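Architecture and fold: a report
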Amino acid sequence: MALYSEKVMDHFRNPRNVGVIEDANGIGEVGNAKCGDIMKMYLKIEDDVIQDVKFETFGCGSAIASSSMATELIKGKPVSEAMKLTNKAVAEALDGLPAYKMHCSVLAEEAIQSALEDYQKRTGKTFE
Ligand code: FES
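Before going into details, it helps to say that this report is about the structure given with it. Quick caveat, the model's predicted, so the values are computed rather than measured.

1. Digging into the overall build of the protein chain
On a plain count of helices and strands, the protein chain comes out with five helices and three strands. Taken from the N to the C terminus, the helices and strands of the protein chain come in the order α-β-β-β-α-α-α-α. In terms of overall size, the protein chain behaves like a compact globule, its C-alpha atoms giving a radius of gyration of 14 Å where 128 residues would be expected to give roughly 14 Å. Seen through its principal axes, the protein chain has C-alpha atoms that stretch 45 × 25 × 25 Å. Taken over 128 residues, the protein chain has a buried fraction of 46%. For the protein chain, the accessible surface area stands at approximately 6,700 Å², while carbon and sulfur atoms represent 52% of it.

As structure tokens, then:
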């Protein structure tokens, strides 16, 4: 069996939503101290709905695929729904990741959470 699913390879080779949003109103950056990978998430939120999302990932293939899939999963969703995104959901949407690569999907969850926290700080709103 191949180590990585076709979806992982697809999102690694053709990552969706790569880049920067200049007027983002939610920005989050996280890193993993062990592997040194860094992920930055930009959200453009209007009326508490994620209109646009972009990312920059300096990291492994699984981290790039996870960021790409995570952005696809939250685009167009209300903030309250995006808050519930888990790394498990990201990994499942990618048709799985090898156990030792699960931490790469955790980075995607954390980057989105961090950007959503930033949005809450900027707006003074609180979402469950
Ligand atoms: Fe660190 Fe993938 S090896 S995020």
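Read on for the rest.
2. Looking at the pattern of salt bridges
All told, the structure shown has eight salt bridges when counted by the stated rule. Of the charged contacts in the structure, one is a salt bridge between Lys 7 and Asp 95, with a shortest N-O distance of 4.0 Å. Separated by 88 residues along the polypeptide, Lys 7 in helix H1 (residues 6-13) and Asp 95 in the loop between helix H4 (87-93) and helix H5 (102-123) bring together distant segments of the chain. Linking Asp 10 and Arg 16 is a salt bridge whose minimum nitrogen-to-oxygen distance equals 2.8 Å. Judged by relative accessible area, Asp 10 falls into the partly exposed class, the value being 30%.

3. Here we look at the sheet that holds strand E1 (residues 26-31)
Two modes of strand pairing occur in sheets, parallel and antiparallel, and in both the strands are linked by backbone hydrogen bonds. Pairing is antiparallel across the open sheet formed by three strands, whose spatial order is E1-E2-E3. Where the open sheet ends on each side, the last strands, each with one partner, are E1 and strand E3 (49-58). Ignoring which end each strand starts from, the neighbouring axes of this sheet average 15 degrees apart. With nine bridges connecting them, strand E2 (residues 38-46) and E3 associate as antiparallel partners. In the strand pairing of E3, Ile 38 is matched with Phe 58.

About the cut-offs
Residues numbered from 1 in each chain as written. Predicted model: local features only at pLDDT ≥ 70, side-chain atom pairs only at ≥ 80, totals over all residues. Heavy atoms only, no water. Helix = DSSP H or I, 4+ residues; strand = E, 2+ residues; numbered from the N terminus. Rg over C-alpha atoms; globule rule 2.2 N^0.38 Å. Buried < 20%, exposed > 50% of the residue type's maximum accessible area, 1.4 Å probe, protein only. Areas by Shrake-Rupley, 256 points an atom, 1.4 Å probe, with all protein chains shown as cover. Salt bridge = Lys/Arg side-chain N within 4 Å of Asp/Glu carboxyl O. Pairing = 2+ DSSP bridges. Axes fitted to C-alpha atoms, helices over the stretch in contact; angles between N-to-C directions.

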